[in-house]
Amino acid sequence: MTTFYVDPNAAVNGSGSLASPYNTWAGVTLTANNTYLQRRGTTYIGASVRPASQTSNAATPLTIGAYYNADGSDDTTKTRPIINHNGGTNGVGAVFVDTCAYVVVQDIAGTNSHGSLGGGVTVRRSQNVIVQRCAGYENDYGVIVYQDQASGTSTCTDITIRDNDCYDNVAAGIAWWVCSVSDAIIRRMKIHGNTVYGNGTGKGLGGLLGVSSVPCGGIMSFTANKASIGTAGYINYDIRCDRNTVSDNNGYGINIEGWALGTTGSSCSRNTVTGSGYSGDVDSHSLWVGNSSAVLIEENHVHHNFANTGASSGSGVGIFIDYNSSSTSGGYSCIVRRNKIHDQFRGSTTASALAAGAGIIVLYNDNTVVESNLIYNCRNGVSIGNGSATDGTLIYSNTVTDCDDGGISVLPLGTGTVLKNNVVRGAVTGLFVNTTSTTGYAETYNSVSNCTTAKANGTASARTATTLHATDLITDPLLTADYRPKSGSPLLGAGTHLGYRRDIEGKQRQNPPDIGAYDRATLRTA
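All residue numbers refer to positions counted from 1 along the written sequence of the respective chain. pLDDT decides what is reported in this predicted model: residues at 70 or higher carry local features, side-chain atom pairs at 80 or more are listed and counted, and totals for whole chains, interfaces and linings draw on all residues regardless. Values reported for side chains reflect all heavy atoms of the structure, with hydrogen atoms and water molecules removed beforehand.

Draft legend 1. Local environment of the pattern of salt bridges. The term salt bridge refers to a pairing of a side-chain nitrogen on Lys or Arg with a carboxyl oxygen on Asp or Glu at a separation within 4 Å. The full count for this structure, using the stated rule, is 23 salt bridges. Across the pair D158 and R188 runs a salt bridge, and its minimum N-O distance is 2.8 Å. Of the two residues, D158 is situated in strand 13 (residues 156–162) and R188 in strand 16 (residues 186–192); the sequence distance between them amounts to 30 residues. Of the charged contacts, one joins E299 and R270 as a salt bridge, the two residues approaching to 3.1 Å between their closest N and O atoms. One end of the pair, E299, is in the loop between strand 26 (295–298) and strand 27 (301–303); the other, R270, is in the loop between strand 23 (266–269) and strand 24 (272–274), and 29 residues separate them in sequence. Per-residue accessibility, obtained with a 1.4 Å probe over protein chains only, is compared with the maximum for each type, and a residue is labelled buried under 20%, exposed over 50%, and partly exposed between these values. Taking relative accessible area as the criterion, E299 reaches 18% and is therefore assigned buried. Look at R270 and you get partly exposed, because its relative accessible area is 32%. Beyond isolated ion pairs, a larger network of salt bridges with shared partners links R50, D98, R124, R125 and D148. Only runs of H or I of at least four residues qualify as helices and only runs of E of at least two qualify as strands under DSSP, and these elements are numbered from the N terminus.

Draft legend 2. Molecular detail of the pairing of strand 18 (residues 217–223). Within strand 18, seven of the seven residues are buried, which leaves it mostly tucked inside the rest of the structure. A pair of strands counts as paired when DSSP detects no fewer than two bridges linking them. Relative to strand 18, strand 15 (residues 172–178) runs parallel, the two sharing six bridges. Residue A172 lies in a different strand from strand 18, and its bridge partner there is G217. In this sheet, strand 21 (residues 252–257) lies alongside strand 18 in parallel orientation, the contact comprising three bridges. The partner of I219 across the bridge, within strand 21, is I254.

Draft legend 3. Inspection of the nonpolar core at higher detail. Formed by 76 residues in total, the largest nonpolar core has its most connected members in W176 and I297. We call two residues in contact whenever any of their non-hydrogen atoms come within 4.5 Å of each other. Residues contacting I297, with those up to four places away along its chain left out, are I256, C268, L287, V289, I319, I321, I335, V336, R337 and N339. Residues belong to one nonpolar core when they are buried, are Ala, Val, Leu, Ile, Met, Phe, Trp, Tyr or Cys, and are joined through side-chain atoms within 4.5 Å. Grouped together as the second largest cluster of nonpolar side chains are 20 residues, Y141, I144, Y146 and F320 included.

Draft legend 4. Molecular detail of the state of the cysteines. Cysteine sulfur atoms are paired as a disulfide whenever they come within 2.5 Å of each other. Scanning all chains against the criterion turns up zero disulfides. This cysteine, C134, is not joined by any disulfide, and C166 carries the nearest cysteine sulfur, 8.6 Å off.

Draft legend 5. Up close: the side chain of Q344. Looking at where Q344 falls in the secondary structure, it is placed in the loop between strand 31 (340–342) and strand 32 (358–362). Residue Q344 is classed as buried on the basis of its relative accessible area, which comes to 3%. Here the side chain of Q344 touches S286 through a polar contact of 3.0 Å, side chain to side chain. Side chain to side chain, Q344 and N305 meet in a polar contact 2.9 Å long. When residues no more than four places from it in sequence are discounted, the contact partners of Q344 are S286, V302, H303, H304, N305, G316, V317, G318, N377 and C378. Each polar contact in these results corresponds to two N or O atoms within 3.5 Å; when the atoms are within protein, one needs to be able to donate a hydrogen and the other to accept it, and residues that are neighboring in sequence are counted only if both atoms are side-chain atoms.

Draft legend 6. Examining the environment of A470 more closely. Position of A470 among the secondary structure elements: in the segment after strand 46 (462–465). Distance from A470 to Y445, taken between C-alpha atoms, is 8.4 Å for residues 25 residues apart in sequence.

This is the structure:
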């Protein structure tokens, strides 16, 4: 349990003591339970800083960090020490935690690490690793975690990435990657409180991970073994991505692939996603969930994102519950609730008129719940189906307003969709139900107003007006400027009881509840 010091500005390469620091990381062997600190305001240029095959104790993790003062203490107001990887090496980062347990990397800036899997901090085959308060910039990835062995040999487990600044990276700010190995798995990872911006400068540059095309963006999970997802099992268990600020990344905002419930659950919550796909010529969704099961998508703020205007299907979506395009395996039992989605892409693409630019799309997933979301100023509100089997979607208590085309649309193969207690105001078509393979549709206690056509059947390009259910309301819902029901609104107490669920602010709804995302109830439950 020794502390070693590195000061690249020191005149000579010392012994690593505070009085005689190393002036380079080259030749320094990082060993378990020890601490290695680089002086703030200095820059090291050279080979990776690499702890390899080291297992520390939980109470004394191998630590790579910063110091500033003459007594070895730190001053966090000073500039982080820079570790410049000098162009990098495939599979290695500026800091590379390789096959270790109990490691902390904190308060450093990693840069200029390129090639496959090059990151400001790269983690491979390791457990109980914390990366915190670091900067990762002008690499291929700001921080990347990857697993390239089957789970019977090793796993990446209990990884925490928190409070980092990741920006101006070629592919992504934060990423984790399961390589082309059957049964490679990442478990229990937390991505919390990071600021991720300006990434995706490569605009979908191929070859970064040894595959032909890699989507770029902010926070991204990938697999090279896509065809095995849904047949040989999921690849990410108990992943939590929360309270991150994800802005102005050219591509996806947050990309979720192959997540599943292990023991504690997977979730993506309380993130802010804005400015994704700003160039207008890359595949772009704000928050994409592909072939995942039992993932909670909750209380995210998704707004002012862009789309690929030449996309063939569904670009520019706010929250997209999707399938894996390589194996056409869908997911199931995801919950999308209490999110605010607004001012999304509203222009023209080559996609279906009722799919592109939607606030929420559910495609090729079963038993999805879409509840208590607020969607406004989008091209479309909520779209279900669109030609791929999508069964048992419950659309409860959402407020969808001021959308350019569809409010809530059930497209081909959107079977078993149930709409209850929703507000749709100000759309070309309030409710749309395609007449092809959409059996099991049910609709009660919705409010549909100020739409060119309240409800239509047929196809997206040939819609025929039809009647709403007798329980639906058509009068002005009397909403405030922030989309809450005013005193005297016909929405108050007009819904059907769906159990004591919560509104968009987490308040337990009354019985009978108000229609829409907001309820008059004042009790907030934990």
